[in-house]
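The primary structure of each chain is shown beneath.
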Amino acid sequence: MRAMIIDDSRAMRSILRRIVTDLDFETAEAEHGQAALDQMRAGVVPDVCLVDWNMPVMDGYTFITEVRANPEWRDITLMMVTTESEQRQIVRALAAGAHEYVIKPFTPDAIVDKLALLGLLPEGHGVNA
Amino acid sequence: MSAAAVETPAPDDVLAVTEDVWVALLGDDDPLLPRVAPDGAAFDATGPWSAATTVSGGWQGVVTVELDDTAARSLTARMLDLPPGLDAVDGDIADAVGELVNMVGGNIKSLMPGPSVLSLPSVAAGRAAFASDVREASRLDLAWRGSPVRVSVHVPVS
Amino acid sequence: MTGSTAFASVSALVRRETSMIYDEGKEYLVEARLNPLAAARGLGLEEYVARLAFDAEERRKVIDALTINETSWFRDHTPYQAFTDAMLPPLLNARAPQRRLRIWSAACSSGQEAYSIAMLLDQHLPAGWDYEIVATDISTQMLERVRAGRYSQVEVNRGLPATSLVRYFTRAGRDWEIAERLRERVTVKHLNLAAPYLGLGTFDVIWLRNVLIYFDAATKADILRRMLPMLAPDGYLLLGSSETTLDLPTDLAAAWQREQIGRVPAYRRASALSTTPSVLTSTGA
């Protein structure tokens, strides 16, 4: 499994990278939505994107809209990981095509649980174990 | 509009949001403890770092987190998982402290009338300076591993 | 814990009132849960424990603090899948005349199990059907939480699908509150699983997950024996993923028939299920 971690904070990317590499994911990273799209167009196509909302250049909401507009990327799972926590924001992100939503701050378990819900955990990693 | 009409976040909410961020990032081994600081006093830390984010829209406010250098460095080392002995550089600290205020600010925004937009964080090496057209609506003085931490919310003077 | 006598007396208290067992080696757990209670009274842990003998109110708090289960939404995931995919269809057939299902969430803790089931029933029951979920626990503090139906952001962040979060919850300050139409289907009752089950009625599915591990073998057998008449003849009993009925007395082990549903072991009343074949064979000669 490959995860693309999209967040303008290096510290946050590092936290997320440690969580998913522990689950045997390979990772790629981008500091905003546009940088992620550029990598994807260059052939770095992940199974799942962990996407922040508020970022410079291209925010996560726009990124999700762009990914969903491209039929070649329909198999990519999109998970928002953001401090935006109003109900209307979660509804908007889901309507735009996000599959899951984790509110910052989160504990590593929260990410693991959501990846399990999405059926993305490799063999040997239990749910809520 | 009178000043009383500007909604301000409840101190309990600001504390709970801050504690949630701390526990999620750092675990609950080193809890945030209350700290007494005189009213109106500037943040009295050595080598302080300050990070601010602005909420605008249905609610207007500035959320600021200030830390001393020691706290900012160890927090950054924990977030980046730096090996012992490897010191965080200033760019790392600015990034980590910025993410901290992003989380606190975003969660405070969600408790206030909306819809509002959260700005990208701005971080400075130095204590926070506030414009004359805002007033302090809420201030939280805490200690983490013996170092001072301050979270404040400013709203426009109306 | 500082004094082994203090631990022994707390463990005896919990055992007497709930039949739950805190063996030696669980000192750290008891200490972690009791320290805040002692601190709230301005007492050291040993002083606090000594006081319990005379203070029923504090005893109640100790029981509450020591009987709280870890829980999360859709815990372990697969039992919930088995519930909707394999248990609901035959139950919907069999209950078509009544159009009503009754579920028991035994040892419900803060209610995430009960409300997870409620969310599934809300999605999967045909129009015109009714359901009741009876949520029982020994901790009155936990029952209050179930009644309130409010969960922190940390709690809703774990294991709850985002679509369910926005569909079944609304923000209430820092918390998220479960929808009224789900909350009104959940009946909360104070119940010690080691004491008689009175006035509960019978259930189509009983969720008894991750609680039997706290009881000794005799109490566990007793609970499973008294669960038999609580379950409808064609109902299902679900235990925790690490729990089995293997070490039960033979008659009781035979009374519960294990039915594997994918990765989930469900238990069914053997008597009801095997009646027909055994009658047929005994009428030979």
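Numbering of residues starts from 1 in each chain and follows the order in which that chain's sequence is written. Just so you know, chain letters begin at A and ligand numbers begin at 1, following the order they were written in. Where local features are concerned, this predicted model is filtered to residues with pLDDT of at least 70; where side-chain atom pairs are given and counted, the filter is 80 or more; whole-chain, interface and lining totals use all residues.

An unreviewed UniProt entry annotates chain B as Chemotaxis protein CheX originating from Nocardioides ginsengisoli.

Engineer: Help me get a handle on the packing of helix H2 (residues 33-41) of chain A against helix H3 (residues 60-68) of chain A, residues and values and all.
Structural biologist: Residue and element names in this part refer to chain A. Note on definitions: angles span 0 to 180 degrees between N-to-C directions of axes, and those axes are lines fitted to C-alpha atoms, for helices only across the stretch in contact. Counting from the N terminus, the helices are DSSP H or I runs at least four residues long and the strands are E runs at least two residues long. For the pair H2 and H3, interaxial distance at closest approach is 9 Å and the crossing angle is 25 degrees. Taken together, the axes of H2 and H3 lie roughly parallel to each other. Of the residues in H3, those touching H2 at Gly-33, Ala-36 and Leu-37 are Gly-60, Thr-62, Phe-63 and Glu-66. When residue character is reported, Ala, Val, Leu, Ile, Met, Phe, Trp, Tyr, Cys and Pro are called nonpolar, Asp, Glu, Lys and Arg charged, and the others, Gly included, polar. Here the contact of H2 with H3 is built from residues that sort into 3 nonpolar, 3 polar and 1 charged. Angular relationships are summarised with four words: roughly parallel below 35 degrees, roughly antiparallel beyond 145, roughly perpendicular across 65 to 115, and oblique for the angles in between. This entry defines residue contacts through backbone-placed C-beta atoms, with two residues in contact when those atoms are within 7 Å.

Engineer: Now, about the interface of chain C and chain A: what can you tell me, with residues and values included?
Structural biologist: With 15 residues of chain C at the interface, the matching set in chain A holds 17 residues. The set of elements that each furnish at least two residues to the side of chain C that touches chain A consists of helix H9 (162-168) and strand E4 (169-172) of chain C. Counting residues per element, the side of chain C that touches chain A draws most heavily on H9(C), at 4 residues.

Engineer: Explain the pairing of strand E3 (residues 61-67) of chain B to me, and be specific about the residues and the numbers.
Structural biologist: Residue and element names in this part refer to chain B. Backbone-placed C-beta atoms define the burial measure: a residue is buried with 20 or more other C-beta atoms within 10 Å of its own, exposed with 12 or fewer, and partly exposed in between. Taken across its 7 residues, E3 has 7 buried, putting it largely inside the fold. Of the two faces of E3, the one carrying Gly-61, Val-63, Val-65 and Leu-67 and the one carrying Val-62, Thr-64 and Glu-66 are both buried. Whether two strands pair depends on DSSP finding at least two bridges between them. The loop that links strand E2 (residues 49-57) with its antiparallel partner E3 comprises 3 residues. Where E3 and strand E7 (residues 147-156) come together, 6 bridges link them in antiparallel fashion. Its bridge partner lying in E7, Val-63 is registered against Val-153.

Engineer: Break down the sheet that holds strand E2 (residues 26-30) of chain A for me, citing the residues and quoting the values.
Structural biologist: Residues and elements named next belong to chain A. An order of E2-E1-E3-E4-E5 is seen for the 5 strands of this open sheet, with the pairing classed as parallel. Looking at strand neighbours, the two that pair on one side only are E2 and strand E5 (100-103), the edges of this open sheet. Strand after strand, the sheet turns through a mean of 20 degrees between neighbouring axes, direction not considered. Note that strand E1 (residues 2-6) and strand E3 (residues 48-51) share 4 bridges and pair parallel. By the bridge assignment for E3, Ile-6 is matched with Val-51. Of the strands in this sheet, E1, E2 and E3 touch H2, which is tilted by about 130 degrees from E2.

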